[in-house]
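# A structural walkthrough
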2 protein chains.
Amino acid sequence: MADDFDLYRELTTTATTKIVLLVMDGLGGLPMQPGGPTELEAANTPNLDKLAEQSSLGLSHPVGPGIAPGSGPGHLGLFGYDPITYPVGRGVLEAVGIGMEIGPNDLALRGNFCTVDNEGHIIDRRAGRIPTEEGAKRVALLKQIKLPDVETTVEAVQDYRFCLRLRGEGLSDRLTETDPQAVGVPPLPVTALAPEATRTARLLNDWVAQARVILHDHPPANMVTLRGPSADPSLPKYADVFKLRAAAIAVYPMYRGVASLVGMDVLKPFPKNLDDELAMARAKWADYDFFFIHVKYTDSRGEDGNFEAKCKIIEEVDSRLPDLLALNPDVLVITGDHSTPALLRQHSWHPVPLLLWSKTCRPDGIARFGERPCAQGGLGHIPARHILPLALAHAMRMKKYGA
Amino acid sequence: MADDFDLYRELTTTATTKIVLLVMDGLGGLPMQPGGPTELEAANTPNLDKLAEQSSLGLSHPVGPGIAPGSGPGHLGLFGYDPITYPVGRGVLEAVGIGMEIGPNDLALRGNFCTVDNEGHIIDRRAGRIPTEEGAKRVALLKQIKLPDVETTVEAVQDYRFCLRLRGEGLSDRLTETDPQAVGVPPLPVTALAPEATRTARLLNDWVAQARVILHDHPPANMVTLRGPSADPSLPKYADVFKLRAAAIAVYPMYRGVASLVGMDVLKPFPKNLDDELAMARAKWADYDFFFIHVKYTDSRGEDGNFEAKCKIIEEVDSRLPDLLALNPDVLVITGDHSTPALLRQHSWHPVPLLLWSKTCRPDGIARFGERPCAQGGLGHIPARHILPLALAHAMRMKKYGA
């Protein structure tokens with residue numbers, strides 16, 4: 001079909017039902033040795049196992065076969081968007097990842113501090129990997145740069161990385177990057193890839209020229225490169241397409257940011273841990289139809305390569321499941337945005353365990369939440385973007401199609 | 001690919017093999033209580049279970065994730081058509097639903113009787129929900145309306161509803177509806193949404209003006225509104241795309257109508273029950289390659305919310321299975337057009353049990369026809385429109401693709 005969203009706009013209805021999407025980041029795993037269990041299978045999860053018995057299980061594919069997603073595409077899939085059809089630029093992800101708001105008049109870029117010699121040739125593309133506080137000092141200097149008719153915002157990210165946002169009318173992201181991806185040459189100028197981007201290119205080159213002057217006496221970070229220029233992706237919004245008042249509850253800014261791009265309200269004050277997150281859901285239960293609750297540390301421990309620590313995080317979530325069920329959601333989905341097997345220490349392409357509980361689900365009767373039971377489950381092996389329409393149907397929020 | 005049908009046109013061949021598609025309407029179900037069986041699982045079905053052991057099982061998705069289909073889209077899927085790519089208009093479904101034929105020169109509309117006051121403002125959009133016989137009396141009056149150069153047919157449907165068909169050259173369905181969806185205002189005129197619909201709009205407004213005069217002295221049904229104008233969807237036909245001489249055998253007109261839209265021959269005299277249907281298949285066995293046999297009451301009992309009665313219908317079908325197998329089909333597919341769980345009393349989005357038997361199938365060896373065995377089956381979880389090409393292949397009616 002041209003766009004599933006036209007169909008969802010037509011079929012979705014408002015209702016009083018509540019949906020919870022609990023995302024355990026990087027949930028999927030692998031055995032550390034042949035014949036062994038995955039992290040989820042090794043963890044002691046009596047509450048999840050009991051819930052699994054009354055649920056439909058399946059496996060979710062975040063993007064496509066063999067594709068390991070970053071956090072942005074991984075969450076977009078879970079939120080119901082095809083991550084290929086709706087790409088989100090690097091600059092925007094960097095911005096929302098540090099809590100910088102991105103709207104329709106914004107252009108966001110990733111910045112790197114670098115080191116240049118007297119002739120302006122790059123000799124270190126990462127400025128000796130200066131620590132975050134050194135980067136922040138230089139970002140403070142860059143804040144004084146002014147451009148005509150646009151508002152500039154610059155914030156430190158980590159180490160030698162920062163984020164630049166231009167805000168104003170008529171900006172375009174049809175631009176080249178300035179990082180030559182090589183040393184011994186100067187940074188490239190920003191070049192317009194379309195006529196409507198000419199002014200934006202000029203503004204950015206002006207910004208870079210001022211940065212060069214300001215940073216001249218601050219080696220090793222005495223110059224910058226700019227990458228991933230990107231505008232607001234203008235994603236269809238939850239309220240419009242799905243008729244959901246949606247709340248995002250997440251400890252890390254990246255996930256709050258991606259949620260804000262689809263129109264979820266980011267709940268404040270920002271939670272510090274899962275108990276905070278559940279308390280916030282409880283406090284705001286009456287105000288929203290849909291709660292996205294994000295658990296970060298399954299992914300972190302997977303990236304550490306620490307199998308046992310990842311199991312422990314899963315067990316911690318399991319121990320809080322009764323608190324979540326006490327809210328009495330009509331539909332509860334538990335899954336991950338991708339796999340992060342401790343064996344691989346990185347995001348992977350493996351499909352992700354998926355559990356959907358509701359009064360209207362067709363239970364598989366398998367009293368175990370794990371990759372292998374999920375591979376046998378009645379939900380099948382589905383693209384992640386199909387999870388939301390399924391949840392809406394189980395929440396009795398989808399009308400019949402046709403007569 | 002742009003259209004699977006181009007490929008099927010290229011690959012399908014004629015043969016002497018016979019395919020039977022037995023549709024148990026609304027077959028899929030849900031447990032009435034956690035841990036319980038579905039209707040199909042609870043029913044005592046020794047013949048289906050024995051057949052299942054020699055068959056490939058699977059689950060079929062009629063339209064898409066979370067989407068509960070109406071009867072039209074549900075059957076189009078089973079007939080091999082993507083119900084989103086090939087939408088069938090409301091007027092056409094209403095027409096074929098009462099056995100009115102729809103061809104390439106036809107325009108069909110749903111009509112409602114309504115009540116208007118002395119100023120012509122609608123005061124009841126459903127004319128006090130007059131009974132069917134009152135509607136039929138007024139339809140008899142409306143039959144006298146004549147239009148230039150087109151043939152008009154009007155038939156009562158139920159209560160305050162009727163169906164209007166215009167037949168003639170150059171009609172278009174790019175038209176607005178006349179129901180203002182509100183009271184206190186007059187019915188809207190029919191307006192052309194494209195230049196080629198101007199004449200059709202004028203004809204329909206003429207028809208409505210004559211209806212107004214005729215119905216003036218017949219309150220409460222003293223006016224009409226027209227909805228869902230739709231032309232023949234011009235679906236690719238079975239004989240052309242699949243090289244099948246196809247017969248439709250159904251008790252209810254809706255299903256005969258949808259089958260006629262894809263070019264199946266609707267067998268007469270219309271059967272009254274499953275025994276009639278099987279006798280007709282037997283009588284016409286030599287004349288057709290493909291038999292669509294429809295069982296209505298699994299859906300009806302599901303919509304009644306009567307779990308046990310739905311089980312009984314399934315058991316009745318099971319008891320007739322030996323008669324069906326005695327015809328010696330080469331391929332037998334047994335499935336539903338959607339789920340109608342008694343728990344929900346309505347069509348639902350849950351995938352539908354699917355059984356494909358043929359000498360060339362790869363049997364799962366699961367001696368049970370039910371939702372959970374089907375979730376494990378070798379056919380996988382597939383879109384309903386994939387069933388027909390599978391059946392054609394098992395009937396040795398598909399050539400190899402490529403060298």
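Small disclaimer: the values here were computed from a predicted structure and weren't measured. Each chain has its residues counted from 1, running along the sequence as written. Chain letters and ligand numbers both follow the written order, the letters beginning at A and the numbers at 1. Per-residue local features are limited, in this predicted model, to residues with pLDDT of at least 70; the limit for side-chain atom pairs, both in listing and counting, is 80 or more; totals at the level of whole chains, interfaces and linings are taken over all residues.

## Some remarks on the overall build of chain A
Looking only at helices and strands, one finds 14 helices and 13 strands in chain A. Since a compact globule built from 403 residues should have a radius of gyration of about 22 Å, the 23 Å found for chain A is in line with a globular shape. With the C-alpha coordinates of chain A rotated into their principal frame, the extents come out at 70 × 50 × 40 Å. Taken over 403 residues, chain A has a buried fraction of 52%. Restricting the contact set of chain A to residue pairs at least 6 apart, pairs at least 24 apart contribute 71%. Where helices and strands are cited, they refer to DSSP runs of H or I of at least four residues and of E of at least two residues respectively, numbered from the N terminus. To get the radius of gyration, use the C-alpha atoms; to get the globule rule, take the number of residues to the power 0.38 and multiply by 2.2 Å. As a rule, residues whose C-beta atom has 12 or fewer other C-beta atoms within 10 Å are exposed, those with 20 or more are buried, and those in between are partly exposed; C-beta atoms are placed from the backbone. We call two residues in contact whenever the C-beta atoms placed from their backbones are within 7 Å.

## Overview of the interface of chain A and chain B
With 22 residues of chain A at the interface, the matching set in chain B holds 24 residues. Residue contributions to the side of chain A that touches chain B peak at four residues, all from helix α14 (residues 387-394) of chain A. Charged means Asp, Glu, Lys or Arg here, nonpolar means Ala, Val, Leu, Ile, Met, Phe, Trp, Tyr, Cys or Pro, and polar covers whatever is left, Gly included. Residues belonging to the side of chain A that touches chain B are distributed by class as follows: 12 nonpolar, seven polar and three charged.

## Quick notes on unusual backbone geometry
In most cases, non-glycine residues show a negative phi, while peptide bonds are predominantly trans. Residue and element names in this part refer to chain A. Of note, the amide linkage connecting P219 to P220 takes the cis form, showing an omega dihedral of 10°. Along the polypeptide, P220 turns up in the loop between α7 (198-215) and β7 (223-231). Notably, K243 is not glycine yet its phi reads approximately 55°, a positive angle. When you line up the elements, K243 lands in the loop between α8 (238-241) and β8 (246-249).

## Quick look at the relation of the copies chain A and chain B
Mapping between the two copies of the chain is achieved by a rotation about an axis and a shift along the axis. For the least-squares superposition of copies, only C-alpha atoms count, and only for residues with pLDDT at least 70 in both. For the pair chain A and chain B, the relating rotation is 123°, the translation along its axis is 0.0 Å, and the fit reaches an RMSD of 0.3 Å. One copy is carried onto the other by what is essentially a three-fold rotation axis. By C-alpha distance to the rotation axis, the residue of chain A lying nearest is A:Q376, at 3.6 Å. In this assembly, only 5% of the residues forming the interface of chain A have copies in chain B that are likewise at the interface, indicating a heterologous arrangement.

## Looking at the sheet that holds β8(A)
All names here are of chain A. If you walk across this open sheet you meet the eight strands as β9-β8-β10-β1-β11-β12-β2-β13, and the pairing is mixed. In this open sheet, the two strands that pair with only one neighbour each are β9 (265-266) and β13 (380-383). Two strands form a pair only when DSSP identifies at least two bridges running between them. Of the pairings in the sheet, the one linking β8 to strand β10 (residues 290-295) comprises four bridges and is parallel in character. By the bridge assignment, A248 is partnered in β10 with F292.

## Some details on the environment of A:S234
With respect to the helices, strands and loops of the structure, A:S234 is situated in the loop between β7 and α8. Between the C-alpha atom of A:S234 and that of A:C361, which follows or precedes it by 127 residues, the distance is 33 Å.

## Observations concerning the sheet that holds strand β9 (residues 265-266) of chain B
All names here are of chain B. Taken together, the eight strands give an open sheet; going across it, the order is β9-β8-β10-β1-β11-β12-β2-β13, and neighbouring strands pair in mixed fashion. Here the strands that pair on one side only, and so sit at the sheet edges, are β9 and β13 (380-383). In terms of strand pairing, strand β8 (residues 246-249) meets β9 through two bridges, oriented parallel. Each bridged residue has a counterpart across the sheet, and for A247 the counterpart in β9 is D265.

## Quick word on the nonpolar core
To form a nonpolar core, buried Ala, Val, Leu, Ile, Met, Phe, Trp, Tyr and Cys residues must be joined through C-beta atoms within 7 Å. Formed by 125 residues in total, the largest nonpolar core has its most connected members in A:L22, A:F292 and A:A391. Discounting chain neighbours no more than four positions away, the residues touching A:F292 are A:L21, A:V23, A:A246, A:A248, A:I249, A:A259 and A:M264. Formed by 119 residues, the second largest nonpolar core is a distinct cluster that contains B:V88, B:V190, B:V241 and B:I249.

## As for the environment of A:S319
All names here are of chain A. By the element assignment, S319 lies in helix α12 (residues 307-325). With 14 C-beta atoms packed within 10 Å, S319 lands in the partly exposed category. Residues S319 and G120, spaced 199 residues apart in sequence, show a C-alpha to C-alpha distance of 57 Å.

## Here's the deal with the domain arrangement of chain A
Residue and element names in this part refer to chain A. Those domain boundaries reflect an automatic or database domain assignment. Domain boundaries assigned for chain A yield domain 1 (4-86 + 235-394) and domain 2 (93-231). Distance between the C-alpha centres of domain 1 and domain 2: 35 Å. Domain 1 puts eight residues into the contact, and the matching count from domain 2 is five residues. No other element matches the seven residues that helix α9 (residues 253-261) contributes to the side of domain 1 that touches domain 2. When its residues are assigned to classes, the side of domain 1 that touches domain 2 shows four nonpolar, three polar and one charged.

## Focus: the pairing of strand β3 (residues 106-116) of chain A
All names here are of chain A. Counting buried residues along β3, 11 of its 11 residues qualify, which places the element largely inside the surrounding structure. Neither face of β3 is left uncovered, since the one carrying D106, A108, R110, N112, C114 and V116 and the one carrying L107, L109, G111, F113 and T115 both have all their residues buried. Direction of pairing for β3 relative to strand β6 (residues 161-167): antiparallel, over a ladder of seven bridges. Its bridge partner lying in β6, L107 is registered against L166. The sheet contact formed by β3 and β7 spans seven bridges and is antiparallel. If you follow N112 over to β7, its bridge partner there is T225.

## A short note on the environment of A:Q181
Residues and elements named next belong to chain A. Within the secondary structure, Q181 is located in the loop between β6 and α7. You can call Q181 exposed: it has 11 C-beta atoms within 10 Å. Distance in space between the C-alpha atoms of Q181 and C114 is 11 Å, their sequence separation being 67 residues.

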